[in-house]
Amino acid sequence: MMATDTVVAVEDLAQRCPAGCPRAAWALGTGLARAWHGPLATDAGYGLACWAALLYLQLQQGRVALALDDPFHGLELNPFELPPLPPAPDWLHVITDDTATPVTAGGPLVRRSDNTLWWARYHAFDVRLRHRIEQRRQQPMINLCPDTVRSVLYRLFPPDDPAATAAHGQLWATAALVDQAFGLITGGPGTGKTTSLAALLLTYLAALPAAQRPTPATPILLLAPTGKAAQRLREGLRRAVSRLRTTLAGAATEWMELLNGLDPDHPACRVHNQTIHKALRPRRYRRPGEGPFHHDEHNPVTAAYVIVDEVSMVDLALMNRLVAAVPLHVPLCWLGDAEQLESVEAGSVLSDIVQVDHPVSAQRRQQVAQRSGLSADQAREHWPRVDHVHLTYNYRFRLDTQIGALAQAVQQSDADRFMNILQQEPGTDDVEWIPLPETGRRLPARARSAICAGYEELRRLTQQQPRPDADEQLRAFDQFRVLCATRQGGDGVAAWNRRIPQWLWGEAATAPVQAVLITANDNVSGLYNGDTGLIWPSTDDTLLFHTAGGPAHWPAALLPEHEDGWAM
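Residues numbered from 1 in each chain as written. Predicted model: local features only at pLDDT ≥ 70, side-chain atom pairs only at ≥ 80, totals over all residues. Heavy atoms only, no water.

1. Brief notes about the overall build of the protein
Alright, step 1. A count of helical and extended segments in the protein gives 21 helices and 17 strands.
Alright, step 2. Expressed as a percentage of its 568 residues, the buried residues of the protein come to 49%.
Alright, step 3. Contacts in the protein between residues far apart in sequence, at least 24 positions, make up 66% of those at least 6 positions apart.
Alright, step 4. Of the accessible surface of the protein, which amounts to about 27,800 Å², a share of 50% is contributed by carbon and sulfur atoms. (Helix = DSSP H or I, 4+ residues; strand = E, 2+ residues; numbered from the N terminus. Buried < 20%, exposed > 50% of the residue type's maximum accessible area, 1.4 Å probe, protein only. Contact = heavy atoms within 4.5 Å. Areas by Shrake-Rupley, 256 points an atom, 1.4 Å probe, with all protein chains shown as cover.)

Below you can see the structure in the form of structure tokens.
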């Protein structure tokens with residue numbers, strides 16, 4: 001203790017909570033002060049309590065660090081006075097090399113050379129993940145038959161219009177990443193990420209020696225952070241494979257057989273589609289020293305290729321454990337949109353990784369240009385980073401449409417432009433602006449009629465006698481959903497989940513079916529966060545869910561954490 005420090009009883013720290021600091025966050029800060037400074041605390045202890053409380057508030061918003069020069073960034077609270085961050089070696093590690101071996105013992109906080117403050121645990125996750133990704137980047141190129149790679153690319157991307165083919169990006173995603181141990185494909189909705197993945201996998205398998213191709217024992221793992229995302233990825237891959245069959249009509253029989261292995265609906269499929277948690281196999285019970293999953297760096301997963309979709313939704317801790325469990329010789333490919341979905345827990349893995357600059361060497365650029373049939377100048381323009389291809393051309397909607405302009409305004413954080421498009425430009429079949437009344441909480445009749453029309457097929461099926469097949473009702477349910485900007489309030493998820501059954505079946509009637517959204521991962525039932533399903537209370541309370549592996553039945557009495565699923 002320094003002679004100039006002021007000694008304050010730890011119990012008094014609770015009474016020194018800065019104005020504007022939430023009590024829960026301050027309680028955590030004072031708890032750390034008690035743990036690291038014993039029965040008495042100095043000014044350094046008060047500083048630890050303040051900074052730990054603020055770092056906890058950032059963690060609640062999904063951020064694992066804070067910038068010391070702007071510590072309140074992103075927080076919806078009035079800034080409170082912060083004492084200087086003291087160089088207290090017992091609880092604060094000052095890191096001069098951010099890529100060094102992570103701190104494994106000592107205090108709870110880490111100050112990095114980029115002037116950011118981290119929880120030591122998340123700093124360790126970050127360093128390990130970056131180290132493992134860099135290890136993959138340093139791996140030698142996968143040994144593929146160059147002639148086969150060129151032949152498949154020529155059939156998938158005919159050189160009729162090289163400029164358009166290059167601009168669309170799918171050719172570069174396939175040609176540039178097919179022989180790399182790590183690849184990243186990013187792009188907004190509708191830019192063809194899943195189609196690019198299907199083309200990449202087909203090219204990779206066709207050019208790979210037959211003895212090294214996937215088998216039932218060593219499959220391709222197709223992973224996503226939630227059950228709903230995994231189901232969407234499965235459906236997207238199935239559609240992409242169907243399109244490739246049309247493109248490759250009349251091609252070699254071997255290529256068509258390889259496509260069968262990528263088709264989730266084909267008996268010869270070699271793709272296992274599941275959530276990340278299920279692939280890593282969570283432990284029901286943990287002994288001292290054991291991690292939360294059966295698969296880790298000491299017991300890796302068995303796979304021929306690993307793909308992770310919706311990477312923006314994967315938190316730092318989970319991605320660190322997943323990458324550790326994938327052997328270096330197994331290719332790993334990420335798909336996602338850094339501007340779309342936030343991670344389920346803390347840590348923005350995708351947005352951090354895409355900012356890392358790994359320029360393409362002239363030799364590598366020339367090699368990929370030759371196999372793709374395009375020029376090195378085109379490669380320089382459309383492929384700036386060695387393991388990252390960003391897709392920009394939208395196949396789902398054009399930017400000159402109303403929904404395209406709205407998407408662009410959201411990406412540019414232009415709220416005024418967004419509202420002008422909704423309110424002043426003519427409506428289309430894709431987007432309709434339904435303003436709420438200026439006074440009162442009466443909902444427009446147009447909103448009610450639109451929602452009832454969306455669920456009309458399901459309502460009709462529930463009224464039929466005998467009751468139609470459950471799978472048919474589930475398909476009708478999945479055709480429509482109400483999306484909300486907030487969870488609580490008059491227009492939040494909870495309010496809409498109360499309204500919708502009343503609108504469909506009447507306020508006095510009991511709904512013949514209940515929509516359910518799973519909100520937690522449950523390895524026992526095989527139901528995971530994001531899975532949606534239906535319950536028929538009037539029968540045996542059996543649930544039917546759409547999961548990553550297809551429809552699944554489960555007793556309602558054993559349902560994991562869930563909420564109503566009409567709106568989300």
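What follows continues from the structure just given.
2. Regarding the nonpolar core
Alright, step 1. One finds Val306, Val308, Met319 and Trp334 to be the most contacted residues of the largest nonpolar core, which totals 58 residues.
Alright, step 2. Looking at which element gives the most residues to this core, the answer is helix α3 (residues 43-60), with 10 residues. (Core = buried A, V, L, I, M, F, W, Y, C linked by side-chain atoms within 4.5 Å.)

3. Notes on unusual backbone geometry
Alright, step 1. Despite not being glycine, arginine 281 has its phi angle at roughly 60 degrees, a positive value.
Alright, step 2. Residue placement: arginine 281 occurs in the loop between α11 (276-280) and β10 (305-308).
Alright, step 3. Here arginine 281 falls in the partly exposed class, since its relative accessible area comes to 41%.

4. A look at the environment of histidine 73
Alright, step 1. Looking at where histidine 73 falls in the secondary structure, it is placed in the loop between β3 (65-67) and β4 (92-94).
Alright, step 2. Relative accessible area serves as the criterion here: at 53%, histidine 73 is assigned to the exposed category.
Alright, step 3. When the C-alpha atoms of histidine 73 and glutamine 58 are compared, they prove to be 8.6 Å apart, with 15 residues separating the residues in sequence.
Alright, step 4. Histidine 73 has contacts with Gln58 and Arg63, leaving out every residue within four places of it along the chain.

5. Focus: the side chain of aspartate 387
Alright, step 1. Locating aspartate 387 in the fold gives a position in the loop between α15 (376-382) and β12 (388-391).
Alright, step 2. For aspartate 387, a relative accessible area of 5% corresponds to the buried category.
Alright, step 3. At 2.4 Å, the side chain of aspartate 387 forms a polar contact with the side chain of arginine 137.
Alright, step 4. In contact with aspartate 387, not counting residues within four places along its chain, are Arg137, Leu177, Gln180, Phe182, Gly183 and Leu184. (Polar contact = N/O pair within 3.5 Å; in protein donor to acceptor, adjacent residues only side chain to side chain.)

6. A look at the confidence of the model for the protein
Alright, step 1. Summing up the model confidence of the protein, the mean pLDDT is 77 and the portion of residues at 70 or higher is 77%.
Alright, step 2. Note that residues 1-10 has pLDDT below 50 and, in this model, 18 contacts with residues that lie over four places away or in other chains. (pLDDT = per-residue confidence, 0-100.)

7. Some thoughts on the packing of aromatic side chains
Alright, step 1. Under the defined criterion, the tally for this structure stands at eight aromatic pairs.
Alright, step 2. Plain terms: the ring middles of tyrosine 455 and tryptophan 566 are 5.2 Å apart, the flat faces sit at 85 degrees to each other, and that makes the pair edge-to-face. With tyrosine 455 in the loop between α18 (445-454) and α19 (456-463) and tryptophan 566 in the segment after β17 (562-564), this pair connects stretches of sequence that are 111 residues apart.
Alright, step 3. Relative accessible area serves as the criterion here: at 2%, tryptophan 566 is assigned to the buried category.
Alright, step 4. Both rings, one in tryptophan 496 and one in tryptophan 503, keep their centres 5.7 Å apart while their planes meet at 80 degrees; by these two values the pair is edge-to-face.
Alright, step 5. Ring-pair connections join several aromatic residues into one group, and the members of that group are Tyr455, Phe477, Phe480 and Trp566.
Alright, step 6. Cation over ring: arginine 481 sits above phenylalanine 477, and NZ or CZ is 4.0 Å from the ring centre.
Alright, step 7. It is arginine 499 that lies over the ring of tryptophan 496; its NZ or CZ is 4.5 Å from the centre. (Phe/Tyr/Trp six-rings, centres within 6.5 Å; stacked < 30°, edge-to-face > 60°. Lys NZ or Arg CZ within 6 Å of the ring centre and 35° of its normal.)

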